[in-house]
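Single-letter residue listing:
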Amino acid sequence: LRLTRGQKSAGQQSLLFLDAPGLPASHYPMLTFFPNHRTGTSTISFDLFLEPKANFVHEWRNKATPYQTGPVLQIKDGKLTGVKGLAADIPLQQWVRFEIVAEMGSATDGRWSLRITPTTRPTQEFKDLPFRHPGMTTLDWVGFVSAANEKTEFYLDNLAITTTDPNR
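Keep in mind it's a predicted model, so treat the numbers as computed, not measured.

With that out of the way, let us pick up the side chain of Thr-108. Residue placement: Thr-108 occurs in the loop between strand E9 (95-104) and strand E10 (111-118). Of note is the side chain of Thr-108, whose polar atom sits 3.1 Å from the backbone nitrogen of Gly-110. With sequence-adjacent residues up to four places away left out, Thr-108 is seen in contact with Glu-103, Phe-131, Met-136 and Thr-137.

Pasting the structure below:
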């Protein structure tokens, strides 16, 4: 991972995920956050620029053992997948805006929504997507992963992790 001025969606620079064969684990490089959202509406938004051969994974997890996953998406070869009901073509080599929203805590229904806005295409919305594990109720871990095992890269920019939890 490194900051670069080579590609940027907003501001002066973006974060480059540079993948290569033979790294110690298939989930490297990886960027994680620990937001500790217990209740309220959690929203994660970011801009993504994918190069060919990129294999991008984004997950929300709790801290149970074993952990449970809520929203999850993967983009490989320009194809978005992740959970039942989630399938779309994502353009490569252009900035695409992602916004993921889900309720946490006792108000959660185990569902989430996704809005995708490519630079050159209309916005797509996916609503009522199922958590991978319906029992997930807290957002303790957020991951951005390059899961390729070859030379490729993607860029992340304009990242925001927010909650409406009044205790935060």
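We are not done yet, so read on.
The strand order across the open sheet formed by seven strands is E1-E2-E13-E4-E9-E10-E11, and the pairing between neighbours is antiparallel. Two strands lie at the open edges of the sheet, namely strand E1 (2-4) and strand E11 (124-130), each paired on one side alone. Across this sheet, the average inter-strand angle for adjacent strands is 30°, counted without regard to direction. In the sheet, strand E4 (residues 40-50) pairs with E9 via 10 bridges, with the strands oriented antiparallel. Within E9, the residue paired with Gly-40 across the bridge is Met-104.

Summed over the entire model, instances satisfying the criterion amount to nine aromatic pairs. Ring centres of Phe-33 and Phe-144 lie 6.4 Å apart, and the angle between their planes is 90°; this geometry places the pair in the edge-to-face category. Placement of Phe-33 in strand E3 (residues 30-33) and of Phe-144 in strand E12 (residues 141-146) is noted, with a sequence separation of 111 residues between them. Overall, Phe-33 belongs to the partly exposed group, its relative accessible area being 29%. The exposure class of Phe-144 is buried, given its relative accessible area of 0%. Of the aromatic side chains, those joined through ring pairs into one cluster are Phe-17, Phe-33, Phe-46, Phe-56, Phe-98, Phe-144 and Phe-154. Sitting above the plane of the Tyr-67 ring, Arg-61 keeps its charged end 3.9 Å from the centroid. The residue whose ring lies beneath Arg-61 is Trp-141, and the NZ or CZ to ring-centre distance is 3.9 Å.

The rules we used
Residues numbered from 1 in each chain as written. Predicted model: local features only at pLDDT ≥ 70, side-chain atom pairs only at ≥ 80, totals over all residues. Heavy atoms only, no water. Helix = DSSP H or I, 4+ residues; strand = E, 2+ residues; numbered from the N terminus. Polar contact = N/O pair within 3.5 Å; in protein donor to acceptor, adjacent residues only side chain to side chain. Contact = heavy atoms within 4.5 Å. Pairing = 2+ DSSP bridges. Axes fitted to C-alpha atoms, helices over the stretch in contact; angles between N-to-C directions. Phe/Tyr/Trp six-rings, centres within 6.5 Å; stacked < 30°, edge-to-face > 60°. Buried < 20%, exposed > 50% of the residue type's maximum accessible area, 1.4 Å probe, protein only. Lys NZ or Arg CZ within 6 Å of the ring centre and 35° of its normal.

The values are spatial; any link to function lies outside them.
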